[in-house]
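If you want the building blocks of each chain, they are given just below.
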Amino acid sequence: MEKIGKVASENGVVIFSKSTCCLCYAVQILFRDLGVQAVVHEIDHDPDGKEIEKALTRLGCNGPVPAVYIGGKLMGSTNEVMSLHLSGSLLQLIRPYQHNLSSHD
């Protein structure tokens, strides 16, 4: 779906989310705590939400939300993001999008 590609390519880190999803919230907090101000697109507040949800599933996301894009590339859902984080790979991917955190300097 064109809307997904447009939002993902125009922003460094994008999380397609639902406002009622606790895993979506947890992923948002992870990125915030890592110093990344992700663009959160709440598909349940989007008139095209059902189509976006179907498209995310077709693109290979395990469960449509959260769907995380970094640098325009689909990273996956909660499991994939947490695996990247635990392996240390996530920090390398998000480095260009991190803001300085005084507590981590």
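Notes on the structure follow.

Cut-offs used in this document
Throughout, residues of each chain are indexed from 1 in the direction in which the sequence is written. Selection of residues for local features in this predicted model requires a pLDDT of at least 70, selection of side-chain atom pairs for listing and counting requires 80 or more, and totals for whole chains, interfaces and linings are taken over all residues. Side-chain measures were taken over the full set of non-hydrogen atoms in the model, leaving aside hydrogen atoms and water. Strands are runs of DSSP state E lasting at least 2 residues, helices are runs of H or I lasting at least 4, and numbering of each runs from the N terminus. Throughout this description, buried means an accessible area under 20% of the type-specific maximum (1.4 Å probe, protein chains only), exposed means over 50%, and partly exposed covers the range between. Two residues form a contact once any of their heavy atoms are found within 4.5 Å. The salt bridge criterion pairs a side-chain nitrogen of Lys or Arg with a carboxyl oxygen of Asp or Glu, the two atoms within 4 Å. Take the number of residues in a helix, subtract one, and multiply by 1.5 Å to get its expected span.

### Thoughts on the environment of Cys61
Here's step 1: Assignment of secondary structure puts Cys61 in the loop between α3 (49-58) and β3 (67-70).
Here's step 2: Its relative accessible area of 5% is what places Cys61 among the buried residues.
Here's step 3: Separated by 60 residues in the primary sequence, Cys61 and Met1 place their C-alpha atoms 14 Å from one another.
Here's step 4: Other than its neighbours up to four places away in sequence, Cys61 contacts Leu56, Pro66, Ala67, Leu74, Gly76 and Ser77.

### Side note on the pattern of salt bridges
Here's step 1: For the structure on display, the rule yields six salt bridges.
Here's step 2: For Glu10, the salt bridge is made with Lys6, and the minimal N-O distance between the two is 2.6 Å. Residue Glu10 and its partner Lys6 are both found in helix α1 (residues 2-10); the two are separated by four residues, about one turn of the helix.
Here's step 3: Put simply, Glu51 and Lys54 hold a salt bridge, and the shortest N to O gap is 3.6 Å. In this pair, Glu51 and Lys54 both sit in helix α3, three residues apart, roughly one turn of the helix.

### Remarks on helix α2 (residues 22-33)
Here's step 1: Between the first and last C-alpha of α2 there are 16 Å, a value that for twelve residues agrees with the 16 Å anticipated at 1.5 Å per step.
Here's step 2: Tucked into the core, α2 has its buried residues touching β1 (13-17), β3, α4 (78-87) and α5 (89-94).
Here's step 3: Phi turns positive one or two residues past the end of α2, at Gly35, with a value near 85°.

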